[in-house]
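Residues per chain, in single letters:
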Amino acid sequence: MPASLLPDVRIPAVSIYESVFGGLSADELGAVAIIDGVSGAETTFGQLRGQIDALAGALAARGVILGEIIGLLCPNVPVFATAFHGILRAGGVVTTINSLYTAEEIERQLKDSGASWLFTVSPFLATAEAAAAGAGIPPDHVVVLDGAEGHPSLRELLGAGEQPPELSFDPATQIAVLPYSSGTTGRPKGVMLTHTNLVANVAQGIGAIGVERGERVLAVLPFFHIYGLTVLLNYALTLRAVLVTMPRFDLPEFLRITSEHRCNWLFIAPPIAVALAKHPIVDNYDLSSVKVVFSGAAPLAGALAEAVAQRLGCTVAQGYGMTEASPATHVIPNARPDIDRASVGLALPNTESRIVDPETGIDVAVPDAGPSLPGELLVRGPQVMAGYLGNAEATAETLDADGWLHTGDLATVDADGIYRIVDRLKELIKYKGYQVAPAVLEAVLLEHPGIADAAVIGVSDEDGQEIPRAYVVLQPGASLGEEEVVGFVAGRVAPHEKVRQVRFLAAIPKSSAGKILRRELREHP
Ligand code: 4UV
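Below: a short report on this structure.

The rules we used
- Residues numbered from 1 in each chain as written.
- Predicted model: local features only at pLDDT ≥ 70, side-chain atom pairs only at ≥ 80, totals over all residues.
- Heavy atoms only, no water.
- Buried < 20%, exposed > 50% of the residue type's maximum accessible area, 1.4 Å probe, protein only.
- Helix = DSSP H or I, 4+ residues; strand = E, 2+ residues; numbered from the N terminus.
- Arc of directions from axis to C-beta.
- Contact = heavy atoms within 4.5 Å.
- Pairing = 2+ DSSP bridges.
- Axes fitted to C-alpha atoms, helices over the stretch in contact; angles between N-to-C directions.
- Salt bridge = Lys/Arg side-chain N within 4 Å of Asp/Glu carboxyl O.

## Considerations on helix α5 (residues 103-113)
Here's step 1: Within α5, burial applies to Ala-103, Glu-105, Ile-106, Gln-109, Leu-110 and Ser-113. Axial view of α5: buried residues confined to an arc of 165°, hence all on one face.
Here's step 2: Looking at the buried residues of α5, the elements they touch are β3 (69-73), β4 (93-96), β5 (117-120), α6 (125-134) and β8 (180-181).
Here's step 3: One or two positions beyond α5, positive phi appears at Gly-114, with a value near 75°.

Structure, rendered in structure tokens:
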């Protein structure tokens, strides 16, 4: 099987806490780990580890046991790191929740994962309380990190300075995090990532991505999404880089924080690259500290990468991955300026890749035989998930008996081992790098009494970014316009999940088995 061209790395058999914080030296304890980009407040590695240990102690004293599932609904603020690692250090499993979700979506995730606690922040309290109540989580298990009447706060939990519990578990099988991903089809499912999955993906990225000790890394990509969680929170801190947090994207604030905090690495998704390449206000800021803009989560066009590199005078790189692979599987290494920026570079160390005909499963990429035909990318490595929580059927469809993860993406590989993502086979839509599951939107559309049938696919907008488009069949006699359909959905889903275009059809094309023929819809203007 085509192995990575990069040499294998050693993957320590330890917990993710041990892997990130275990080796802190005495002089590293006083170094800054996280800067709150908004307030400028700094947290050192020593303070962070102290808070994590005390939180773990407090949770253990309150009955949290190994394997307990705890929801985390929190924007990118420094205490995210404390909450995340504190819960894991207590033996808990964190289910990271999209901050944009509605109360109903959060409730569904809390119930599906079986969460018994929810950690949040006061600006999200109303949504969090509604979701927790619906999921049967009592107020004394809803921790409001910055404090709120009637709920435990971080200050209270840390106050007693309790010792973390002595735990022993197998990092290769113990689940650490349960992010939700819709995978190839259907609604979001809990992706079971073990401690070893997370430890492995950090170790695989170390030499390849190229962040160096002390460099400043802008943390605007949400920590709740696996890209931010692994590449920012765990990878950057392992390298003793400094995270500069931003709770939400806003272009002037993004530019101000980058400039004032002299950030060296901007990890982004492609819509931010569009802003960096095109927006006039970019010229008003001193971005000379920026060394690398690293894009992932959706395709980055070569011309866009070039425009950003020219305007900022920096390197642009790209990575590819998916939640089910913790997430990174392919990146353009910083040390390889020769690699085309529109590609996703090389397979990470310890990562095998295949490209197969999606119909027959036969390999289409033959090593050393020149550029391959496009086919479905399969990956195998220590970062690949244990499976979907409570869903053996979805697991079997995605992860085969030999351990190959079927990505649902169409890719090619050339004779130099450089991979390109050329299309997506699965129904998943990426809006600004966020997952949008057509199945969720189709179910919402069908709730409208005037809609007889509906299907949703991703289409490109004028900047080449993907947006959700709904195809709607009206009930006989119903009269609905695009705005009403858009408004109906917008009132029921998170902002990134909104339907942004509507087309009316007489019938949705379907196979004889009733499956929506999305390829045919794509050909529909
Ligand atoms: O599950 P998910 O939401 O996961 C991600 C992960 C993004 C990462 C991971 C590691 C990196 O180093 C990095 O730079 C980015 O987004 O969605 C997975 C799907 O997103 C599409 C593709 O369809 C995946 O199956 N996708 C992710 N990255 C790219 C991409 C890319 N660079 N080019 C094209 N599609």
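Back to the text.
## Quick look at the side chain of Ser-182
Here's step 1: Looking at where Ser-182 falls in the secondary structure, it is placed in the loop between β8 and β9 (189-194).
Here's step 2: On the basis of relative accessibility, which here comes to 2%, the residue Ser-182 falls in the buried class.
Here's step 3: For Ser-182, the contacting residues outside a window of four places in its chain are Arg-187, Pro-188, Lys-189, Leu-428, Gln-435 and Ala-437.

## So, the sheet that holds strand β25 (residues 466-474)
Strand pairs in the sheet, formed through backbone hydrogen bonds, run parallel or antiparallel to each other.
Here's step 1: Pairing is mixed in the open sheet, where 3 strands are placed in the order β24-β25-β26. Every interior strand has two partners, whereas the edge strands, β24 (451-460) and β26 (501-504), have only one. Taking the axes of each pair of neighbouring strands and ignoring which way they run, one obtains an average angle of 25° across the sheet.
Here's step 2: For β24 and β25, the ladder comprises 9 bridges, and the chain directions are antiparallel. If you follow Val-459 over to β25, its bridge partner there is Ile-467.
Here's step 3: Sitting on the sheet, helix α14 (residues 438-446) is in contact with β24 and β25, with an inclination near 145° to β24.
Here's step 4: Across the sheet, helix α15 (residues 482-490) touches β25 and β26, and the angle it forms with β26 is around 125°.

## Quick notes on the pattern of salt bridges
Here's step 1: In total, this model carries 24 salt bridges according to the counting rule given.
Here's step 2: Residue Glu-162 pairs with Arg-62 through a salt bridge whose shortest N-O separation is 3.8 Å. Placement of Glu-162 in the loop between α7 (154-159) and β7 (175-177) and of Arg-62 in the loop between α3 (45-61) and β3 is noted, with a sequence separation of 100 residues between them.
Here's step 3: Of the charged contacts in the structure, one is a salt bridge between Glu-442 and Arg-518, with a shortest N-O distance of 2.9 Å. Taken as a pair, Glu-442 in helix α14 and Arg-518 in helix α16 (residues 518-522) lie far apart in primary sequence, 76 residues in all. One exposure class covers both Glu-442 and Arg-518, and it is buried.
Here's step 4: Residues joined by salt bridges that share partners form a network here, namely Asp-409, Arg-424, Lys-426 and Glu-466.

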